[in-house]
Structures are given as C-alpha cells and as structure tokens.
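Residue strings, one per chain:
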Amino acid sequence: MAEENLQELTTDNELVSRAQRGDMNAFENLVEKYNRHVLSLAFSYARNSDDAKDIYQETLIRAFRAIGKFEFRSEFSTWLYRIATNVCLSFKSSQNRDAEVFKRDIMKGDDDADGRSIISESAGPDSVEGEYMRMELAKHIERALSVLSPMQRLVFTMKHYEGYKLKEIASISNCTIGTIKKHLYMAVRRLQEELVEVFE
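Residues numbered from 1 in each chain as written. Predicted model: local features only at pLDDT ≥ 70, side-chain atom pairs only at ≥ 80, totals over all residues. Heavy atoms only, no water.

### Considering the overall build of the chain
Each helix and strand counted, the chain has nine helices and zero strands in total. Counting helices and strands in the order they occur from the N terminus, the chain gives α-α-α-α-α-α-α-α-α. With 200 residues in all, the chain has 41% of them scored as buried. Taking the intrachain contacts of the chain between residues at least 6 apart in sequence as the baseline, contacts between residues at least 24 apart amount to 64%. Summed over its atoms, the accessible surface of the chain is roughly 11300 Å², and 47% of this surface lies on carbon and sulfur atoms. (Helix = DSSP H or I, 4+ residues; strand = E, 2+ residues; numbered from the N terminus. Buried < 20%, exposed > 50% of the residue type's maximum accessible area, 1.4 Å probe, protein only. Contact = heavy atoms within 4.5 Å. Areas by Shrake-Rupley, 256 points an atom, 1.4 Å probe, with all protein chains shown as cover.)

See the structure below:
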C-alpha cells in the first residue's frame, strides 16, 4: 500500500493502534488529518502566529507522549482537541501579557448561546473609514477579551471564532453543556461591560 494512501484507507482507530505500536507514519497521518483544526483553534485563542505555533507544537508533543494511553472511549479528534484546549488554557495562564491585536474581521457573531450577539456588523461601509472603524473595534474587542478567565476566553473563542456547537465544546472540554453555557454567559456579560462605551 502506498504511503500516501495510508490516511485515506484506514480509520482513525486503526491509525491509533498502529501509532501505539510505534508506527510513526500512522501518527503523522493522524496529525495531518486534524492539524488545520488545531492550528485554527490555537490562532483564534492566542491571536498571533508565533504563540499559535507554540500551542500547536505543544499539543502534538503531548499527543505523541500520551497516544499509548488512548483507550478508544472517544473519537481521536475529540481527544486531540481536548489536549489542544488544555494547552490553550495552560498557555494563557502562563502568559503575563496581552496577545497582539487580532488582525482579521471579527465583526460577526450569532445568538446561539444566550439570545444576544455582542459583536455587530455596524462598523460602516466598505471604505477606508469603515475599515479604520473595524480595526479600532477589533482593538477594543481584543483588549476586552484579555480580561476574561482562560476558560471563558476559550469557550468564547471556540463558539464565536471557530464555530463549534455548545455540545461539541462540552465534549472537547470534558464539561457539561450547563457549565459551558455558564462560561459563555459570563464571558458575554464581561465583554458587554468592557465594551459598553464602544457600542454607545
């Protein structure tokens, strides 16, 4: 069987079993299947590429060290994302600085969790002035995010930036949906308090 077809022709569980027997090829194929999701989560959380790479690398190191303990009680992807969320949480708590300004358009949100959206699309038309307003709002939101607890920030990031459903966040975080809703609600309230003057 061609090496490049290994990922396509085998299930995650088969790849995990091979990785547990020391097959580095199998582990690399597992990582390749999900590395974009891990990197995306890391970047959304850390807000800059250098920190995101550090989170990503630490996630892979922990996954490699722990692959032998994987007991097939959940999907491999859920297990890997759980490791990534734990790395995000410990990374945030070990930092004593704000993340760099998030440079992409973050003016969208939804009302899935609590019936309200705190991020609006009312920054103005597609113009130099509108772009300036969006960038200024992004700076305010980034500063506001820095006051959240690590768990609040993670849940908010997964929900509003990565598009995870509450049930998925609960599964990945190994928490109840009620706990996730509580963290999300507290995050939204705190952000509203921090941004009240911006939105007036």
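### Things to note about the packing of helix 7 (residues 150-160) against helix 8 (residues 166-173)
At a minimum axis distance of 10 Å, the contact between helix 7 and helix 8 shows a crossing angle of 135 degrees. Relative to helix 8, the element helix 7 is oriented oblique. Where helix 7 crosses over helix 8, the handedness of that crossing is right-handed. Here M151, V155, M158 and K159 of helix 7 lie close against helix 8, whose contacting residues are L166, I169, I172 and S173. When the residues that make up the contact of helix 7 with helix 8 are grouped by side-chain class, the tally is six nonpolar, one polar and one charged. (Axes fitted to C-alpha atoms, helices over the stretch in contact; angles between N-to-C directions. Parallel < 35°, antiparallel > 145°, perpendicular 65-115°, else oblique. Left-handed = near helix turned anticlockwise from the far one by under 90°. Nonpolar A, V, L, I, M, F, W, Y, C, P; charged D, E, K, R; others polar.)

### Some words on the environment of R82
Following the sequence through the fold, R82 ends up in helix 5 (residues 76-94). C-alpha separation for the pair R82 and T59, spaced 23 residues apart in sequence, amounts to 9.4 Å. Ignoring sequence-local partners within four residues, the contact set of R82 consists of S171, I172 and N174. Looking at R82, its side chain comes within polar contact range of the main-chain oxygen of S171, at 2.5 Å. (Polar contact = N/O pair within 3.5 Å; in protein donor to acceptor, adjacent residues only side chain to side chain.)

### Brief notes about the pattern of salt bridges
Within the structure shown, the criterion is met by four salt bridges. K33 is the salt-bridge partner of D12, the closest N and O atoms lying 2.4 Å from each other. Here D12, found in helix 2 (residues 12-20), pairs with K33, found in helix 3 (residues 24-46); they are 21 residues apart in sequence, far enough to count as distant. Among the residues examined, D12 registers a relative accessible area of 10% and is labelled buried. Residue K33 is classed as partly exposed on the basis of its relative accessible area of 28%. Where R73 meets E71, a salt bridge forms, and the shortest distance between an N and an O atom there is 3.1 Å. Since its relative accessible area comes to 73%, R73 is described here as exposed. (Salt bridge = Lys/Arg side-chain N within 4 Å of Asp/Glu carboxyl O.)

### Remarks on the confidence of the model for the chain
Mean pLDDT over the chain works out to 77, with 70% of the residues at or above the 70 mark. Across the chain, helix 2 holds the top mean pLDDT of 94, while helix 1 (residues 6-9) sits lowest at 51. In the predicted structure, residues 93-125 sits below a pLDDT of 50 and forms 66 contacts with residues beyond four places in sequence or in another chain. (pLDDT = per-residue confidence, 0-100.)

### Some thoughts on the packing of helix 3 against helix 4 (residues 49-66)
The description of two helices packed together rests on the angle between their axes and the distance between the axes. Direction vectors running N to C along helix 3 and helix 4 enclose 145 degrees, while the axes themselves pass 9 Å from each other. Helix-helix and strand crossings are classified by hand; for helix 3 and helix 4 the assignment is right-handed. When helix 3 is examined against helix 4, the residues M24, F27, V31, N35, V38, L39, A42, F43, Y45 and A46 are found in contact with a partner set consisting of S49, D51, A52, I55, Y56, T59, L60, A63 and F64. Its residues assigned to classes, the contact of helix 3 with helix 4 comprises 15 nonpolar, three polar and one charged.

### A word on the packing of aromatic side chains
As enumerated under the stated definition, the model contains nine aromatic pairs in all. The interplanar angle of 70 degrees and the centroid separation of 6.1 Å between the aromatic rings of F70 and F76 together place this pair among those described as edge-to-face. There is no split in this pair, since F70 and F76 are both buried. For the pair F156 and Y161, a centre-to-centre distance of 6.2 Å together with 70 degrees between the ring planes defines the contact as edge-to-face. Relative accessible area serves as the criterion here: at 1%, F156 is assigned to the buried category. Using a relative accessible area of 13% as the deciding quantity, one classes Y161 as buried. Positioned above the aromatic ring of Y45, the side-chain terminus of R153 is 5.5 Å from the ring centre. (Phe/Tyr/Trp six-rings, centres within 6.5 Å; stacked < 30°, edge-to-face > 60°. Lys NZ or Arg CZ within 6 Å of the ring centre and 35° of its normal.)

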